[in-house]
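A closer look at the structure
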Amino acid sequence: MKEQAVAFGRANGMVGVLTEPDAPTNAPHLLVFNSGFVHRVGPGRLAVDIARRVATVGVPTLRFDFSGIGDSAPRVPALDPIACGIADAREAMDHLGTAHGARKFVLLGLCSGARHAHHVALADPRVVGAVLLDGYAFPTVRSMAMEVRERLEEPRALLAGAYRRARRLLDGKQSEAAAPSAFDREGFFPEDVSRLQMAKDLQTLAARGVGMLNVYSGEWRTYRYEGQLQAAFPDVPLRSVLTERFIESADHLYFTPPERVTMLEILTNWLRQRFV
């Protein structure tokens, strides 16, 4: 395995680290996106662990900083979050195509990075796979029933929720719009996608044969059981392209070693079976 820093894109304003296996490979290159504002090392060096682990099964990786994060220069003029992520990813793919002959790519992102990976996969036909760690999730009857049962089993949480609702009513705030999510407030991360739009997006990816590995941690409370994404979109033909895994004991950033090892094993096995 060898690693080298690379600069590419607009006036070499984009910065990343390329990790390559020892032997030549025909596997797609893996692009690892930022998680929030954490630079290309990833939370707790997660991106480093991913790049070095997948190199052992013959997959080269470029982990790089989006515009305005880490060492990559801001994009001028600025673009909206989705357009910026697409433009940055395309510059990375263009560089790898020119410098290394890469023609196919797999994307990987955690949290906001997963959202970016979803939109880049839709936008660029060179993308053949996407790994989404705690990405978009949608409720089902089963997941909502599980949430209700959980709340009933936790009376303190139930009482706290009732108290907050009562306070809002007493304060005259019941008519106010719901507060925007953290993604919306930042003005940097892709916003939520409607269920209707997600059905269309998944249909597009499935028609192209884009492999999808969606891994969720137990801390990502919108996802409660393995298979929930497929169940939320029963009319979309995802069986041949979608793999879902639920690591219930994992925290959102995979800080605990056993859960990180489990996630890395899921990732490398999926890459090996599908692309290597």
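A quick note: this is a predicted structure, and the numbers were derived from the prediction, not measured.

Bringing the nonpolar core into the picture now. For soluble globular proteins, nonpolar side chains are generally found buried alongside one another. Counting residues in each nonpolar core, the largest one holds 74 residues, and the members touching the most others are L31, F33, I50, L62, F64 and M263. Per-element accounting of this core gives the leading share, seven residues, to helix 9 (residues 257-275). Dropping the residues within four chain positions of it, I50 is found in contact with L30, V32, L108, M263, L264 and L267.

Time to look at helix 7 (residues 195-208). An ideal rise of 1.5 Å per residue puts 20 Å on 14 residues; helix 7 measures up with 20 Å between its terminal C-alpha atoms. Among the residues of helix 7, those classed as buried are M198, D201, L202, L205 and A206. One face of helix 7 carries all of its buried residues, which in axial projection span an arc of 130 degrees. Away from its buried face, by an angle of more than 90 degrees, helix 7 presents the exposed residues L196 and A207. Buried residues belonging to helix 7 abut helix 3 (112-123) and strand 7 (211-217). Positioned one or two residues after helix 7, G209 has a phi angle of 75 degrees, which is positive.

Before going further, it helps to examine the sheet that holds strand 4 (residues 61-64). Strand order in this open sheet of eight strands is 1-2-4-3-5-6-7-8, and the pairing throughout is mixed. Every other strand in the sheet has two partners, leaving strand 1 (2-8) and strand 8 (242-247) as the edge strands with one partner each. Each adjacent strand pair in this sheet contributes to an overall mean axis angle of 20 degrees, direction not counted. Running at roughly 150 degrees to strand 5 (residues 105-110), helix 3 makes contact with strand 5 and strand 6 (127-133) of the sheet. In the packing of helix 9 onto the sheet, contacts are made with strand 5, strand 6, strand 7 and strand 8, and the angle to strand 7 comes to roughly 170 degrees.

Another point: the packing of helix 1 (residues 46-55) against helix 9. At a closest axis distance of 10 Å, the pairing of helix 1 and helix 9 adopts a crossing angle of 40 degrees. On the basis of their axis angle, the class for helix 1 and helix 9 is oblique. For the pair helix 1 and helix 9, the sense of crossing is right-handed. For the pair helix 1 and helix 9, the contacting residues are L46, D49, I50, R53 and V54 in the first and R260, M263, L264, E265, L267, T268 and L271 in the second.

Right, let's talk about the pairing of strand 6 for a bit. With seven of seven residues buried, strand 6 is to be regarded as a mostly interior element. Alignment of strand 5 against strand 6, held across six bridges, turns out to be parallel. Among the inter-strand pairings, G109 is bridged to a residue of strand 6, identified as L132. Taking the sense of rotation as the criterion, the β-α-β connection linking strand 5, helix 3 and strand 6 turns out right-handed.

Closest axis-to-axis distance for the helix 3/helix 7 pair is 10 Å, and the angle between their directions is 55 degrees. Viewed along their axes, helix 3 and helix 7 adopt a mutual orientation that is oblique. In this structure, helix 3 meets helix 7 at a crossing whose hand is left-handed. Taken together, the residues of helix 7 that come into contact with helix 3 (itself represented by H118, A121 and L122) are M198, D201, T204, L205 and R208. Its residues assigned to classes, the contact of helix 3 with helix 7 shows four nonpolar, two polar and two charged.

This paragraph deals with unusual backbone geometry. V76 connects to P77 through a cis peptide bond whose omega is -5 degrees. Mapped onto the elements, P77 comes out in the loop between strand 4 and helix 2 (81-100). Located in the positive-phi region is C111, a residue other than glycine, with phi close to 60 degrees. The residue C111 is located in the loop between strand 5 and helix 3 in this model. The phi torsion at D134 lies on the positive side, around 55 degrees, for a residue other than glycine.

Reading the values: the criteria
Residues numbered from 1 in each chain as written. Predicted model: local features only at pLDDT ≥ 70, side-chain atom pairs only at ≥ 80, totals over all residues. Heavy atoms only, no water. Core = buried A, V, L, I, M, F, W, Y, C linked by side-chain atoms within 4.5 Å. Buried < 20%, exposed > 50% of the residue type's maximum accessible area, 1.4 Å probe, protein only. Helix = DSSP H or I, 4+ residues; strand = E, 2+ residues; numbered from the N terminus. Contact = heavy atoms within 4.5 Å. Expected span 1.5 Å × (residues − 1). Arc of directions from axis to C-beta. Pairing = 2+ DSSP bridges. Axes fitted to C-alpha atoms, helices over the stretch in contact; angles between N-to-C directions. Parallel < 35°, antiparallel > 145°, perpendicular 65-115°, else oblique. Left-handed = near helix turned anticlockwise from the far one by under 90°. Right-handed = clockwise from strand over helix to strand, strands pointing away. Nonpolar A, V, L, I, M, F, W, Y, C, P; charged D, E, K, R; others polar.

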